[in-house]
Amino acid sequence: MSDDSVIIEKTEESGRYPFQAIERKWQTRWEASQVYRTEEGGDKPKSYVLTMFPYPSGSGLHVGHCKNYVPGDVVARFRKMQGFNVLHPMGWDAFGLPAEQDAIKRGVNPRSVVPQLAAEYKRQMSVLGLSYDWTREINTTDPAYYKWNQWAFLLLYKMGLAYRKSAPVNWCINESSVLANEEVVDGKCWRCDGPVIKKDLPQWNVKTTAYADKLLEGLDKINWPEGIKTQQRDWIGRSEGAEVDFETPIEGEKITVFTTRPDTLWGATFLVLAPEHPLVDDLIGLGTWEQNEAVRAYRDAAAKASEMDRTAEGREKTGVFTYSYATNPVNGDQIPIWIADYVLMGYGTGAIMAVPAHDQRDFEFARKFCLPIVLVYSDDETQTEDDLTAALPTGGTFRAAFDTPFTGEPNSKETVKKVIRWMETYVQSDDPDNYYPLSGFGRGRIVYRLRDWLLSRQRYWGTPIPMIHCPKCGIVPVPESDLPVVLPDVENYKPTADGRSPLAAIESFVKVKCPECGDDAERETDTMAGTVDSAWYFLRYTSPHNASAAWDRAAADYWMPVDMYLGGREHAVSHLLYCRFFQHVFHDAELIDADEPASTLRNQGMLNSLTPVDADSDPRDKKPIKPDELVGFDRDSWISRFQSGGVFPAERIMRDVETGGGKTEPVNIEFQWLKMSKSKGNATTPDEMAEAYGADALRMYVLFEAPFEDSIQWSEERMTGTFRFLNRVFDIVTQICPAYDPAYSKRLQVTDLAEERALRRKTHQTIAKIAEDIAELRFNTAVSALMIHTDALRRFVAAHGSNSPAAHEAAATLVKLLAPFAPHIADELWERLGHKDEFLFRTDWPIADGAVAAEEEITLVVQVNGKLRDRITLPATADATACEEAALRSAKVMEELNGRSPKKVIVIPGKLVNIVV
RNA sequence: GCCGAAGUGGUGGAACGGUAGACACGCGCGCCUCAAAAGCGUGUGAGGAAACUCGUGCGGGUUCGAGUCCCGCCUUCGGCACCA
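What counts, and at which threshold
Residues numbered from 1 in each chain as written. Chains lettered and ligands numbered in written order. Predicted model: local features only at pLDDT ≥ 70, side-chain atom pairs only at ≥ 80, totals over all residues. Heavy atoms only, no water. Helix = DSSP H or I, 4+ residues; strand = E, 2+ residues; numbered from the N terminus. Buried < 20%, exposed > 50% of the residue type's maximum accessible area, 1.4 Å probe, protein only. Contact = heavy atoms within 4.5 Å. Areas by Shrake-Rupley, 256 points an atom, 1.4 Å probe, with all protein chains shown as cover. Lys, Arg positive; Asp, Glu negative; His and termini not counted. Charge placed at Lys NZ, Arg CZ, Asp CG, Glu CD. Pairing = 2+ DSSP bridges. Expected span 1.5 Å × (residues − 1). Core = buried A, V, L, I, M, F, W, Y, C linked by side-chain atoms within 4.5 Å. 1 Å grid on protein atoms, 1.4 Å probe; cavity = no way out; pocket = protein on both sides within 12 Å on 5 of 7 lines; lining within 4 Å. Points joined across faces, edges and corners; volume = space filled by probe spheres on them. Nonpolar A, V, L, I, M, F, W, Y, C, P; charged D, E, K, R; others polar. Axes fitted to C-alpha atoms, helices over the stretch in contact; angles between N-to-C directions. Parallel < 35°, antiparallel > 145°, perpendicular 65-115°, else oblique. Left-handed = near helix turned anticlockwise from the far one by under 90°. Near = heavy atom within 4 Å. Polar contact = N/O pair within 3.5 Å; in protein donor to acceptor, adjacent residues only side chain to side chain. Phe/Tyr/Trp six-rings, centres within 6.5 Å; stacked < 30°, edge-to-face > 60°.

With that out of the way, let us pick up the overall build of chain A. Helix and strand counts for chain A come out as 28 helices and 35 strands. When burial is assessed residue by residue, chain A has 53% of its 917 residues classed as buried. Here the contacts in chain A between residues at least 6 apart in sequence split such that 71% fall between residues at least 24 apart. Just so you have it, chain A exposes about 40900 Å², and 49% of that area is on carbon and sulfur atoms. Side chains of chain A carry 104 positive and 135 negative charges; the gap between the two charge centres is 4 Å.

Written as structure tokens, this is what we have:
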């Protein structure tokens, strides 16, 4: 390593430390010596630090990515120095639409683009000094990776968790692609904002619903942010209630509804079916031709309407009567059957009993269509339905009018349970005058809002689903020994007109022999959703090169679960739910010990950039304008102009795509803090910042500027703070270097010099403080503590010179504590202190000596009636009595008391005395 | 509408129920310099000459003591939204 021991001197004229040379030098050395290779085994504890892996796009990294990657890097480096075996890997989540769309646009195969993009990301990550073990790099588009997606799919299939079903799906017209529910935002496609309609296609689904309860229970034992847990609970949406059967005029067909309020059955005055309900067709035909046409028209309109139209805010209830009636099982009433789109086929049974007196939606529907309203609960028996202006979901007692065992019961969960028990056992009566149902017309049931995971995509750039359709044998899984089913090259990336994936057009891919009968068969042409790739990638990192299994059992059991998982809040219910599902499935299949993927999860904040936007665009979502589209754009002066005078006019260049020429048109400009992204034109690259201030200063800036979970308002100006700090560190440590004795600890002893003791105290307090702060992800206060410590050292050296072992201890400790945050300058200064051929990554975290860290004196705060009146310095040994006496002796207190005697004295020894008069 | 997070100087932000504003940006003054930049030192919540007083979105409460805990509002930002 001595071959490149470049002597780097501070460039005198600039007054800045030579960060560029230092960073290049150490990045080269780290790479050459493979310092970040994961170590396993020994008797060290393990720590798996994982940052969500990126989708490598063509625009590369910007400084906003530092908000994700730098904190993880600090934790990984810290744990390593603390003596853990650390797994800190990185990879590429590279399947999916953006690469494919780019391919369509530019006519290139994503297969050839992904490695270039990944290489560029990797280069930029190295510029930032991130300590990834690149020998464990994974790429989801590598057949050696997605082979195991296919293996996992076959496992789900064998476990009965994967099934094919023709179902209405979200279909984005623009992208000609199926979307998962969470990919539909406000009824529009999350990616292109295009309209989303319902379309019937045979789809592969996975029974996540079978794991609903396990996914709920698992939340209780993991240390994840409460907000994420709440979102997952809401998404799963467990709801306890009952199914109730209603007889219909159609022979042998019942309508089963789901209700959370079976206790209000006596108030059910009509039924409502979802337009897609299978019985709708049978019910049509019982009315006149015109009537049936109206029902048909309504159903067809509902099918065509986009999700946005159907769920639009404050929308008036719509619906249509089927001219059929069902029988209310508790009283034999014939109640009308309606169809309305506020009832959703995907939830419960797709049918409800409407109880307008106690449900607001049913109430609105009943009032609009003049349907009867019957109160089941009321405050008194004289209350009538006519007075109602809104439904009464709570309150009141069960009315006497219904001749049930429930008269007088409160409107409560207990009553609901009683009714369910009664329903399940209710038997027919002999009394011919009363209508009584057959026994068991209803039963308790739990339903979930969670729907099964739709993972078919009619797209090219994804993992082929390893299934074969045989005319004789039906659906046959590809034998495991034939995996991977390799994604072939393709000429055309667009889906076929019938909605099948581009793979359907490749005969050599589609044509296959059935593994069971050997006859001609066809391959499945759907590919998997990208969320499959990320649902188990953390397991692959534990043994990324294993060719015979998705993971090595021993390695996975050693590293799992992830100890610290860092990523954005936007994955709350998609990725973070699916990866938990996979982990539970693998656990149940006895393939892994851990049943949860990550014991601790934390969400970092965003990094926002002050961005010029079109002031006249949609106020909730103002359109950013790229700087190069604005005539005479000057960031600083435009921002100050906006801040002093608000919106102002400018000229925007409208490029003509065909001719390449441009004309301008007027636009009103304002500035908004928007999440940094290349597509908005508001991004700054880490390369620029590393060039101007160094990666270390950039790292420290994103750590220092705001708490980990908060957003940062990007400001290059403010980065000067951490940059100046690193310069001061460089100056003071290099100043100490000539006198520095690496064996300083032998010379450390109890000293008469108070300043020396104070410096050592600060050193040891800082060690403890930084360790605590990193463990809690409080990087901003950790950086602050480093600044305070550096300042203490500088003052000490200014006053007492650099010969003191206390100063050497402070300097060496400072460099070590700095290492997780600013690894380049730390390694450089460590070397300059004489520790040749060492990497701080491989050294030990300093140990705080509690005795040295203990304060000698305390500042006693003296309050009178809770107001600060005096501060007294006392020896740290002062006990409660000494504190109280000192406080009462205080001249300021005597003046304040003015002869009055204290009523009460509160003493917190060593801290505070409060005298109450 | 429901759920979640948060409101502290000119700015980003500190603060186990115990000195509000650590640390930093900006700004003022001083040193260095022919001058500037950089750097170093120093000051910087508001009012006041000072002693002091007032100050953590608003209104109550608990407490010897509240930015912190409780109740009710207001505002901002996320997420969900006819889920029977």
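Alright, that's what it looks like, and here's the rest.
It is worth spelling out the pairing of strand β21 (residues 467–470) at this point. Put simply, side chains in a regular strand alternate between the two faces of the sheet. Of the pairings in the sheet, the one linking β21 to strand β22 (residues 474–477) comprises four bridges and is antiparallel in character. For His-469, the partnering residue across the bridge sits in β22 and is Ile-475. For β21 and strand β24 (residues 520–523), the ladder comprises two bridges, and the chain directions are antiparallel. Bridge pairing in β24 links His-469 to Glu-522.

Its 16 residues place the ends of helix α2 (residues 66–81) 22 Å apart at the C-alpha level, agreeing with the 22 Å of an ideal helix rising 1.5 Å per residue. The element α2 is extensively covered by neighbouring structure, given that 15 of its 16 residues are classed as buried. Gly-83 sits one or two positions beyond α2 and adopts a positive phi of about 100 degrees.

Strand order in the open sheet formed by four strands is β29-β30-β28-β31, with mixed pairing between adjacent strands. Two strands close off the open sheet at either side, each with one partner strand: β29 (648–655) and β31 (712–713). The sheet contact formed by strand β28 (residues 607–614) and strand β30 (residues 662–675) spans seven bridges and is antiparallel. Looking at the pairing, Thr-611 lines up with Gln-672 of β30.

With that settled, consider the nonpolar core. Counting 180 residues, the largest nonpolar core has Tyr-537, Phe-582, Phe-586, Leu-793 and Phe-821 as its most contacted members. When near neighbours in sequence (up to four residues on either side) are disregarded, Phe-582 contacts Ala-152, Leu-156, Trp-453, Val-532, Ala-535 and Trp-536. Ranked by size, the runner-up nonpolar core spans 56 residues in total, among them Phe-246, Ile-337, Val-376 and Phe-406.

Let us now look at empty space enclosed by the protein. Per the stated rule, a full pass over the model turns up three cavities of 30 Å³ or more. The residue inventory of the lining of the largest cavity, partitioned by class, reads three nonpolar, three polar and four charged.

Spatially, β33-β32-β35-β34 is the arrangement adopted by the four strands of the open sheet, whose pairing is mixed. The open sheet terminates on both sides in strands that have one partner only, identified here as β33 (867–875) and β34 (904–908). The average angle at which neighbouring strand axes cross in this sheet is 15 degrees, direction not considered. In this structure, β34 lies alongside strand β35 (residues 912–916), joined through five bridges in antiparallel fashion.

Moving on, we come to the packing of helix α22 (residues 754–775) against helix α24 (residues 805–818). One can describe the packing of α22 onto α24 by two numbers: an axis separation of 9 Å at closest approach and a directional angle of 15 degrees. Classified by the interaxial angle, the pair formed by α22 and α24 is roughly parallel. Crossing of α22 against α24: the hand is left-handed. Of the residues in α24, those touching α22 at Glu-756, Leu-759, Arg-760, Thr-763, His-764, Thr-766, Ile-767 and Ile-770 are Pro-805, Ala-806, Ala-807, Glu-809, Ala-810, Thr-813 and Leu-817. Per-class residue counts for the contact of α22 with α24 are eight nonpolar, four polar and three charged.

Our focus in this paragraph is the protein's contact with RNA strand B. Within the structure, RNA strand B sits among 48 residues, and Thr-260, Tyr-347, Arg-361, Arg-871 and Asn-914 are positioned closest to it. Counting only atoms of RNA strand B within 4 Å of the protein, the sugar-phosphate share comes to 58%. Per element, the largest residue contribution to the surface near RNA strand B is seven residues, and it comes from helix α23 (residues 779–800).

Time to look at the environment of Ser-131. Position of Ser-131 relative to the elements: it lies in the loop between α4 (110–127) and β4 (138–139). In the structure, Ser-131 is positioned 100 residues away from Glu-31 in sequence and 9.9 Å away in space, judged by C-alpha atoms. Leaving out residues up to four positions away in the same chain, Ser-131 has contacts with Tyr-36, Asp-73, Ala-76, Arg-77, His-88 and Phe-841. In this structure the side chain of Ser-131 is engaged in a polar contact, spanning 3.2 Å, whose partner is the side chain of His-88.

Pairing of strand β23 (residues 511–513) with β24, which is carried by three bridges, proceeds in the antiparallel orientation. When the sheet's bridge partners are listed, Lys-513 is paired in β24 with Asp-520. From the end of β23 to the start of β24, which pair antiparallel, there are six residues, and Gly-518 there has a positive phi angle of about 80 degrees.

A word on helix α25 (residues 823–832). By the criterion of burial, α25 is predominantly enclosed, with nine of the ten residues buried. Taken together, the buried positions of α25 are occupied by Pro-823, His-824, Ile-825, Ala-826, Asp-827, Glu-828, Leu-829, Trp-830 and Glu-831. Check the buried side of α25 and you find it contacts α1 (19–33), α2, α4, α19 (695–704), α20 (720–736) and α24. With its phi angle positive at about 105 degrees, Gly-834 sits one or two positions after the end of α25.

Before going further, it helps to spend a moment on unusual backbone geometry. Omega for the peptide link from Leu-483 to Pro-484 comes to 0 degrees, which places this bond in the cis form. Mapped onto the elements, Pro-484 comes out in the loop between β22 and α13 (507–510). Residue Tyr-323 is not a glycine yet carries a positive backbone phi of 65 degrees. Turning to its location among the elements, Tyr-323 is positioned in strand β13 (residues 320–327). Of note, the phi angle at Asp-837 is positive, near 55 degrees, even though the residue is not glycine. Looking at where Asp-837 falls in the secondary structure, it is placed in the loop between α25 and α26 (850–853).

This brings us to the environment of Glu-756. If you trace the backbone, Glu-756 turns up in helix α22. The buried category is assigned to Glu-756, whose relative accessible area is 14%. Each C-alpha atom, one on Glu-756 and one on Ala-806, is 6.1 Å from the other, the two residues being 50 residues apart in sequence. Beyond its immediate stretch of four places on either side in the chain, Glu-756 contacts Thr-751, Phe-796, Ser-804, Pro-805 and Ala-806.

This part takes up the side chain of Thr-264. Looking at the secondary structure, you find Thr-264 in the loop between β11 (254–259) and β12 (270–273). Here the side chain of Thr-264 touches Arg-261 through a polar contact of 2.7 Å, landing on its backbone oxygen.

With that settled, consider the packing of aromatic side chains. Under the definition given, this model contains 55 aromatic pairs. Here the aromatic rings of Phe-582 and Phe-586 are separated by 5.4 Å at their centres, their planes lie at 85 degrees, and the arrangement is edge-to-face. Taken together, the positions of Phe-582 and Phe-586, both in helix α16 (residues 575–588) and four residues apart, correspond to about one turn of that helix. Accessibility assignment for this pair places Phe-582 and Phe-586 in one class, buried.

Next up on the list: the environment of Leu-912. Tracing the chain through its elements places Leu-912 in strand β35. Residues Leu-912 and Trp-830, spaced 82 residues apart in sequence, show a C-alpha to C-alpha distance of 42 Å. Not counting the four nearest positions on each side in its chain, Leu-912 is found in contact with Leu-860, Val-861, Gln-863, Ile-906 and Val-907.

Worth remembering: the numbers are spatial, not functional.
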